Amino acid sequence: MQPAALQAKTYDTHLESNVILPVVMADSDMDTIRAVLSGDVNRYAELVDKYQGLALRLAFSLLGNYEDARDASQEAFVNAYRSLGRFRAGARFSTWLYRIVVNECKDARRHRARQPMVVAAVGEAAPDDQDSGSLFVDVDDPAASPSDQLANRELSHRLSEAIAELPMKQRTAFVLHHVHGLPLAEAAEVMGCRVGTVKAHIFRATEHLQDTLRPWLAREGV
Amino acid sequence: MDVAVWFRTWLHQHPLKDPAVDRAHYTAEIMARVRAVHGPAPVASRPWLQIPRIVFASAAVAAGIAVTIGTTQLSHQRLAARVVRDSHLLASLGEVDPELLAGDEISTLPQEAETIDTLQLAETGPSDEQWLKQTLQLLDQVNESPTEVSPVNDSHTPSDENWLNELEMLDEHEFSSSS
């Protein structure tokens, strides 16, 4: 039986399924937040456990490596805890957290830019991940020829690099909308701008990616 | 195929890589940091933040009006103070009767000045050109023509000639007596 307090619909990610699924969010988030605000700090672990996949994925797609993504997402959760009193009752916690994660990623990029000795490895995966160099899972088509499979991996790698080359705003808009599946309105809310601005960023990002990936896109018949 | 559609399809088929983290460990790390956060606990929810934006907008407009009115009143007060200060200065120079400055000057002077301005405006006559035209019309009505006065007049009147003759005779008399 569903709880009566079911109200808002949001997007949640599941680490196990590796797929972004829209799920119905109960008012349990608000209950948890109220409990934390009234002094039960341990209840915050529920929110961390529920949204850590979302935060990590967003940070990874914006920063391109797991180490930075892990640091930025953890910092985002701590900052969200500090600012929990400012969370609006009617808002979605996921959207609010997305916004904090995006801000943390911006700070992380600025910090990284000030450290010229640190080479920013685009798409650098976790140490135990043998298939580094791409943000995306390589899905090999068994029916495809080895050369096509190789071209597909190369495309995955090049797309990750091309996304990393985008200016931060274009990258954020593209990633939020196309990679994380946020509607334009929610992406605009996360970025703190108008829907039209998000559309413009996505359009420019798509143009840049199209130019960069022209040989691969031609192969794909685009 | 549209490139945006292609991207969407490709990204749907190739999701982001899984963050290889131990969920429990990750949560524990964050909670350790959260518990170590010093300072006040998360502030209690502030109900005033939930007031609709229209209320905030109205309050902002009201505050703007109050500031504008306050500033305007302040400028009047400054003007009145300046008038009084100048008047005292003039009084010290003997230009203004000091008795005129007695009383509640700051509150009444701006109104008085405004009244005087209004009176002066009402009493201001027509321009010189108009005045001349009206005068000529009046002279026409009484059948008199204005005397033409020329700054340069070469013809001498009889009285002028007499006076010049007297002057010449006087000069000759003085010359003869001195010699």
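The structure under discussion appears in the preceding block.
As a starting point, this report considers the structure included with it. (Residues numbered from 1 in each chain as written. Chains lettered and ligands numbered in written order. Predicted model: local features only at pLDDT ≥ 70, side-chain atom pairs only at ≥ 80, totals over all residues.)

1. So, the overall build of chain B
Here comes step 1: For chain B, the count of helices and strands is 6 helices and 0 strands.
Here comes step 2: Counted from the first residue to the last, chain B has its helices and strands arranged as α-α-α-α-α-α.
Here comes step 3: Looking at chain B residue by residue over its 179 residues, the buried ones come to 5%. (Helix = DSSP H or I, 4+ residues; strand = E, 2+ residues; numbered from the N terminus. Buried ≥ 20, exposed ≤ 12 C-beta atoms within 10 Å, placed from the backbone.)

2. A short note on the overall build of chain A
Here comes step 1: When helices and strands are counted, chain A shows 9 helices and 2 strands.
Here comes step 2: Secondary structure elements of chain A, listed N to C terminal, follow the sequence β-β-α-α-α-α-α-α-α-α-α.
Here comes step 3: Relative to its full complement of 222 residues, chain A shows a buried share of 37%.

3. What about the interface of chain B and chain A?
It is common to give the size of an interface as the accessible area lost on bringing the parts into contact.
Here comes step 1: Taken together, the contact pairs 33 residues of chain B with 46 residues of chain A.
Here comes step 2: When residues of the side of chain B that touches chain A are traced back to their parent elements, those giving at least two are helix H1 (3–13) and helix H2 (23–35) of chain B.
Here comes step 3: The element best represented in the side of chain B that touches chain A is H2(B), accounting for 9 residues.
Here comes step 4: Taken together, the residues that form the side of chain B that touches chain A break down as 21 nonpolar, 5 polar and 7 charged. (Contact = placed C-beta atoms within 7 Å. Nonpolar A, V, L, I, M, F, W, Y, C, P; charged D, E, K, R; others polar.)

4. Section: the nonpolar core
Residues and elements named next belong to chain A.
Here comes step 1: One finds Ala55, Ala59, Ala76, Phe77, Leu97 and Val101 to be the most contacted residues of the largest nonpolar core, which totals 55 residues.
Here comes step 2: The element contributing the most residues to this core is helix H2 (residues 44–63), with 12 residues.
Here comes step 3: A domain split of this core shows at least three residues from each of domain 1 (1–120) and domain 2 (128–222).
Here comes step 4: With near-sequence residues (within four places) excluded, Ala55 lies in contact with Ser73, Ala76, Phe77, Leu97 and Val101. (Core = buried A, V, L, I, M, F, W, Y, C linked by C-beta atoms within 7 Å. Domains from an automatic or database assignment.)

5. With respect to the packing of helix H6 (residues 168–179) of chain A against helix H8 (residues 195–212) of chain A
Residues and elements named next belong to chain A.
Here comes step 1: Between H6 and H8, whose axes approach to 8 Å, the crossing angle comes to 95 degrees. With respect to their mutual orientation, H6 and H8 come out roughly perpendicular. Contacts from Lys169, Gln170, Arg171, Ala173, Phe174 and His177 in H6 reach Val198, His201, Ile202, Arg204 and Ala205 in H8.
Here comes step 2: Residue classes in the contact of H6 with H8 are distributed as 5 nonpolar, 3 polar and 3 charged. (Axes fitted to C-alpha atoms, helices over the stretch in contact; angles between N-to-C directions. Parallel < 35°, antiparallel > 145°, perpendicular 65-115°, else oblique.)

6. Description of the packing of helix H3 (residues 66–82) of chain A against H2(B)
Here comes step 1: Following both chains from N to C, one finds H3(A) and H2(B) inclined at 40 degrees, their axes separated by 10 Å at the closest point. Considering their axes alone, H3(A) and H2(B) lie oblique with respect to each other. Viewed along their axes, H3(A) and H2(B) form a crossing whose handedness is right-handed. Between H3(A) and H2(B), the contacting residues are Gln74(A), Phe77(A), Val78(A) and Tyr81(A) on the first element and Glu29(B), Ile30(B), Arg33(B) and Val34(B) on the second.
Here comes step 2: Considering only residue class, the contact of H3(A) with H2(B) consists of 5 nonpolar, 1 polar and 2 charged. (Left-handed = near helix turned anticlockwise from the far one by under 90°.)

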